[in-house]
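# Remarks on the overall topology
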Amino acid sequence: MTEEREMTAPMTSVGAEVGQSPDLTPIIIPDYGEDLNPSAEEMFEAQMQYEQEMQAQAQAERESAPGFMQTVSMPELYEMVYPGKPPIIDHFLYPGTYLFVGAPKVGKSFMMAQIAYHVSSGTPMWNYSVRKGTVLYLALEDDYRRLQERLYRMFGTETTPDLFFSVASKSLNEGLLEQLDSFIREHHDTGLVIIDTLQKVREAEGDTYSYARDYDIIAGLKAFADRTGICLMLVHHTRKQKSDDNFDRISGTNGLLGAADGAFIMYKNKRSDGDATIEVSGRDQPDKKIMLSRNKETLCWELSGEKSPEYTEPPEPVLEAIGGFINADNPTWEGTATELIEKLELDIKPNALSLKLNVNAGKLYNLYFVQYSNKRTHKAKLIQFRYDADHPIVISPEPTEEETEKSPDGVPAVKGEIIISTDTVDDIAGED
């Protein structure tokens, strides 16, 4: 047997290591070109590349085995660095897939227009800061005439070029995600897509509803939102049955909420009320109730109060120090954890600092737009910071008395331009 191996081994082709015994894996000699005396850094990079290739080969063999299960140890988990996902509207709307649910004519479409306008124009909404981005609003139960009248009633002539509408789209079965993908490729700064309503894009799914089917539909939309980094808002209806938990009133099965990142429930105590409440529950924000009142002139929703659990995130002195150090004037830095500790006079051990940065990379970007990464050289593990000069524009409300002279949403009031009769309100409102 040994003699046969010695005779046949030299005939093996160079690229045939996959699937062979480890004994037959050839030694990879890096090609340094004409440089026959590689530097220590080049030797280290070559060794790292070799080890990574061997690890990838071993991992591929493990994964091909029957019954393989992917697992990650706690130290490995702490070594992972995930990019930040800044909120679309601070403390209110985050990237992901959300249901916005309410009874017919409760004011959902006006709320969607309001959110879309503020995100696309970058103007603060209520007392929340907004990150400006392109918005696509699929108003699938409206027509362009009604949209025009509604928007003019709400915002006058203050238009925004980054808000796009469509009153027709394909269903999920017919290629809706391909249409959305095409739009996002044309508008790279897209932050929000609103589908009003979910039922209009799942009509071709048939009338048979089940937990599994509802879950799969939202899971597919969520995968798209996560891949593109957008917020996908799905307008939906409530069922008539009462429930102690308002989120149980979402029409359909629990599979819808189970697969989504969160939900907004909008309701009134009486249909004729000018006040409404929004309950928010999601993975990225604490549960809260938002109390609203409707402006009779513009039909915009004004914030009258909110209730949320009394929770304040503990301060992060390390992130605050880095945020003050890395900015537009000092956009990059590279060094070891020990050097960073000395530079910023931090009271933390180097290993603990590295782990804290790995775990809080997303928060560091969300708060200060500082991108964090690390790399290992033959000498040490280096920390790298880069300030993202192309980050979304954040506009915060000004906490001054001048805000009282603005319209309910912080948009400068348009005087003498809105002269729509109240007789047309029902036509403008559409399903609301």
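Residues numbered from 1 in each chain as written. Predicted model: local features only at pLDDT ≥ 70, side-chain atom pairs only at ≥ 80, totals over all residues. Heavy atoms only, no water.

### A word on helix H10 (residues 317–325)
Note the cut-off: When accessible area is computed with a 1.4 Å probe and restricted to protein chains, residues below 20% of their type maximum are described as buried, those above 50% as exposed, and intermediate ones as partly exposed. What counts as a helix is a DSSP run of H or I of at least four residues, what counts as a strand is a run of E of at least two, and both are numbered from the N terminus. The arc in question is the one spanned by the directions pointing from the helix axis to the C-beta atoms.
Among the residues making up H10, those that are buried are Val 318, Leu 319, Ile 322, Gly 323 and Phe 325. All buried residues of H10 fall inside an arc of 165 degrees around its axis, so they share one side. When the buried face of H10 is taken as reference, the exposed residues oriented beyond 90 degrees from it are Pro 317, Glu 320 and Gly 324.

### Thoughts on the sheet that holds strand E11 (residues 332–335)
Hydrogen bonds along the backbone pair up the strands of a sheet, which may run parallel or antiparallel. To keep it simple, the criterion reads: Only strands that DSSP links by at least two bridges are regarded as paired with each other. Every axis in this analysis is a line fitted to C-alpha atoms, fitted for helices over the stretch in contact. Angles between the N-to-C directions lie between 0 and 180 degrees. Here, residues are in contact when the closest pair of their heavy atoms is within 4.5 Å.
Taking strand neighbours across the sheet as the criterion, the three strands line up as E11-E13-E12 in an open arrangement whose pairing is antiparallel. Since the sheet does not close on itself, it has two edges, and those belong to E11 and strand E12 (370–376), each with one partner. Between one strand axis and the next, the sheet turns by 15 degrees as a mean value, whatever way the strands run. Where E12 and strand E13 (residues 381–387) come together, seven bridges link them in antiparallel fashion. Of the residues in E13, the one forming a bridge with Lys 375 is Leu 382. Strands E12 and E13 of the sheet are contacted by helix H12 (residues 350–359), whose axis makes an angle of about 130 degrees with E12.

### As for the pairing of strand E6 (residues 231–237)
Counting buried positions along E6 yields six of seven residues, so the element is predominantly enclosed. When strand E1 (residues 96–102) meets E6, the two strands line up parallel, connected through seven bridges. Paired with Leu 99 across the bridge in E6 is Leu 234. Pairing of strand E5 (residues 190–196) with E6, which is carried by five bridges, proceeds in the parallel orientation. Bridge pairing in E6 places Ile 195 opposite Leu 234.

### Section: the sheet that holds E5
Strand order in the open sheet formed by nine strands is E4-E3-E5-E6-E1-E7-E8-E9-E10, and the pairing between neighbours is mixed. Both edges of this open sheet fall to strand E4 (163–166) and strand E10 (301–307), since each of them pairs with a single strand only. Averaged over all pairs of adjacent strands, the angle between strand axes in this sheet comes to 20 degrees, irrespective of strand direction. Across six bridges, the pairing between strand E7 (residues 262–267) and strand E8 (residues 275–282) is antiparallel. Bridge assignment links Ala 263 to a residue of E8, and that residue is Ser 281. Helix-sheet contacts for helix H8 (residues 211–228) involve E1 and E6, and the interaxial angle to E1 is about 130 degrees.

### Description of the packing of aromatic side chains
Filter applied, for reference: In summary, the pairing rule links any two rings of Phe, Tyr or Trp, Trp by its six-membered ring, whose centres are within 6.5 Å, and it sorts them by plane angle into stacked for under 30 degrees, edge-to-face for over 60 and tilted for everything else.
A complete count under the given rule lists 14 aromatic pairs for this structure. Centre to centre, the rings of Tyr 372 and Phe 385 are 6.0 Å apart; their planes meet at 45 degrees, and the pair counts as tilted. Linking Tyr 372 in strand E12 with Phe 385 in strand E13, this pair joins segments that are 13 residues apart in sequence. Accessibility assignment for this pair places Tyr 372 and Phe 385 in one class, buried. Taken together, the ring pairs connect Phe 92, Tyr 98, Phe 100, Trp 126, Tyr 128 and Phe 264 into an aromatic cluster.

### Section: the confidence of the model for the chain
Detail in the predicted coordinates should be disregarded across regions flagged by low pLDDT. Put simply, the test is: pLDDT expresses how confident the predictor is about each individual residue, on a scale running from 0 to 100.
Residue-level pLDDT values for the chain average 82, and 81% of them are 70 or greater. Here residues 1–23 is a poorly scored stretch, pLDDT under 50, and it has five contacts once near neighbours within four places are set aside; other chains count. Low pLDDT, under 50, characterises residues 410–428; the stretch is placed with 31 contacts to residues that sit more than four places away or in other chains.

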